[in-house]
Amino acid sequence: MKILYAVQGTGNGHITRAIEIIPYLQKKGDLDILVSGIQSDIELPFEVKYKFKGLSFIFGKKGGINFWETFLKLNSRKLLKDIKALKIKEYDLIISDFEPISVWAAIKAKKVCIGLSNQVAALHHLAPKPQNDDLMGKLILQNYAPTNYNYGLHFKSLDTNVFTPIIRKEVRAITPTNNGHYTVYLPSYDDIQIIKKLKKIEQVEWHVFSKHSSKKYKVHNISINPINSELFLKSMASAEGIFTNAGFGTTSEALFLKKKLLVIPMKKQYEQHCNAAMLEEMGVTVLKKFNKKMIEPILEWVNSTNLVEVDYKDNVKDIIDLIIKNHNVLIKDGQIDK
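Residues numbered from 1 in each chain as written. Predicted model: local features only at pLDDT ≥ 70, side-chain atom pairs only at ≥ 80, totals over all residues. Heavy atoms only, no water.

## Section: the side chain of Gln119
By secondary structure assignment, the location of Gln119 is in helix H5 (residues 118-122). Gln119 gets classed as buried once you look at its relative accessible area, which sits at 4%. Apart from the residues lying within four places of it in its own chain, the contact partners of Gln119 are His14, Asp97, Phe98, Leu141 and Glu271. (Helix = DSSP H or I, 4+ residues; strand = E, 2+ residues; numbered from the N terminus. Buried < 20%, exposed > 50% of the residue type's maximum accessible area, 1.4 Å probe, protein only. Contact = heavy atoms within 4.5 Å.)

See below:
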């Protein structure tokens, strides 16, 4: 069986998940890998057959997506050319982790494409939704990479096709410690805004990992570090708490490591607001904004002992086996090509 696994390259969570999934897919058939997007800080340790610029959202510095920068970097002609050029018909099984080129190429070729991501779980009818419904954000999430069959990942299992997070092996191998510091990853805020707020909480040592700095430096009780996945994981494993956006990867790993967690969803990012709704329901502290008024809630969180217990078993094999089993049924029914 010839398999295409397509991965979204915006954000690190998709890539770290792919590192766990790919070895299992390689056992199931002849696997080709596609990556599109330009915002990940982690490289896949596997041969990538297709590497596209894709349709990436660019992180801003004020808490959300920089839509102007995203628009400037968008090359719609190149995107359409890549969709047209992808030889999608040669694949028996197409799995997309919220990757648009593979999905739209499959739609054009009338091929079945299977979604495996946390984004599809965020739209699940049993998943908590934010109180202020963002219609535009919801439409983008629904139509960015619309797949035929969906297998979702969320902070809690919702049904037989929505699983708990895939935790990478290097995180599972960690024995967490507590050195008293707090690890911060807020890629949609610049260093100045983060320093301005966190320096007011003087009794805490903050380890900030920044997408906006290429050098390490320290201001008061705040260490600013360029993105380095190894150092970040080391800091997170030995932290007392994690303060981050409401993306899926870091938050899942923080919960798995039994760390105190504080999240602030990115502005105009519907998926993150859905994630935050689920996390808040589970007992995680969620900030609506990141301004001077939030100093007191951050301080309350620092002084709290609020830990959320989770049980995230190693589920990658079960997920892939289920997809392959269901896919074989589709082949027998003649529904792959129409």
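## Describing the sheet that holds strand S3 (residues 50-52)
Strand order in this open sheet of seven strands is S3-S2-S1-S4-S5-S6-S7, and the pairing throughout is parallel. Both edges of this open sheet fall to S3 and strand S7 (162-163), since each of them pairs with a single strand only. By the bridge criterion, four bridges tie strand S5 (residues 114-117) to strand S6 (residues 149-153) in an arrangement that is parallel. When the bridges of S6 are listed, Ile114 appears paired with Tyr149. Here helix H1 (residues 13-26) sits on the sheet and contacts strand S1 (2-8), strand S2 (30-36), strand S4 (93-97), S5 and S6; the angle it forms with S1, its principal contact strand, is near 170°. (Pairing = 2+ DSSP bridges. Axes fitted to C-alpha atoms, helices over the stretch in contact; angles between N-to-C directions.)

## Quick word on the packing of aromatic side chains
What the rule picks out here adds up to nine aromatic pairs. Ring geometry for Phe155 and Phe248: centres 4.9 Å apart, planes at 50°, overall tilted. Of this pair, Phe155 sits in the loop between S6 and S7 while Phe248 sits in helix H10 (residues 248-256), placing them 93 residues apart in sequence. According to the relative accessible area criterion, Phe155 is buried, its value standing at 1%. An aromatic cluster is built from Tyr182, Trp206 and Trp301, whose rings are joined through pairwise contacts. In this structure, Lys27 is placed above the aromatic ring of Tyr24, and the distance from its NZ or CZ to the ring centre is 5.2 Å. The ring of Phe290 has Lys197 sitting right over it, with the charged end atom 5.3 Å from the ring centre. (Phe/Tyr/Trp six-rings, centres within 6.5 Å; stacked < 30°, edge-to-face > 60°. Lys NZ or Arg CZ within 6 Å of the ring centre and 35° of its normal.)

## Some details on the packing of helix H3 (residues 76-85) against helix H4 (residues 100-109)
Relative orientation of the contacting elements H3 and H4 amounts to 60°, with a least axis distance of 8 Å. In this view, H3 runs oblique relative to H4, as classed from their interaxial angle. Judged by the sense of rotation from one axis to the other, the crossing of H3 with H4 is right-handed. Contacts from Leu79, Asp82 and Ile83 in H3 reach Ile101, Trp104 and Ala105 in H4. Its residues assigned to classes, the contact of H3 with H4 comprises five nonpolar, no polar and one charged. (Parallel < 35°, antiparallel > 145°, perpendicular 65-115°, else oblique. Left-handed = near helix turned anticlockwise from the far one by under 90°. Nonpolar A, V, L, I, M, F, W, Y, C, P; charged D, E, K, R; others polar.)

## Some points on the sheet that holds strand S10 (residues 217-219)
Ordered in space as S10-S11-S9-S8-S12-S13-S14, the seven strands form an open sheet in which the pairing is mixed. A strand with exactly one partner marks an edge of an open sheet, and here the two such strands are S10 and strand S14 (285-286). Examined bridge by bridge, strand S12 (residues 241-244) and strand S13 (residues 260-263) share four bridges and lie parallel to one another. From the neighbouring strand, Phe243 faces S13, where its bridge partner is Leu262. Along the sheet, helix H12 (residues 295-303) makes contact with strand S8 (182-185), strand S9 (206-210), S12, S13 and S14, crossing S13 at roughly 165°.

## Here we look at the pairing of S13
Alternating positions in S13 separate into two faces, Lys260 and Leu262 on one and Leu261 and Val263 on the other, with burial throughout. What joins S12 to S13 is H10, and the crossover it makes is right-handed. (Right-handed = clockwise from strand over helix to strand, strands pointing away.)

## A look at H4
Each α-helix turn comprises 3.6 residues. Residues three or four places apart therefore point the same way. With seven of 10 residues buried, H4 lies mostly within the body of the structure. Among all positions in H4, only Pro100, Ile101, Ser102, Val103, Ala105, Ala106 and Ala109 are buried. Packing partners of the buried residues in H4 comprise S1, S2, S3, H3 and S4. For H4, the N-terminal cap is Glu99; the gap from its side-chain oxygen to the backbone nitrogen of Ile101 is 3.0 Å. Of the residues flanking the end of H4, it is Lys110, one or two places downstream, whose phi is positive at about 60°. (Polar contact = N/O pair within 3.5 Å; in protein donor to acceptor, adjacent residues only side chain to side chain.)

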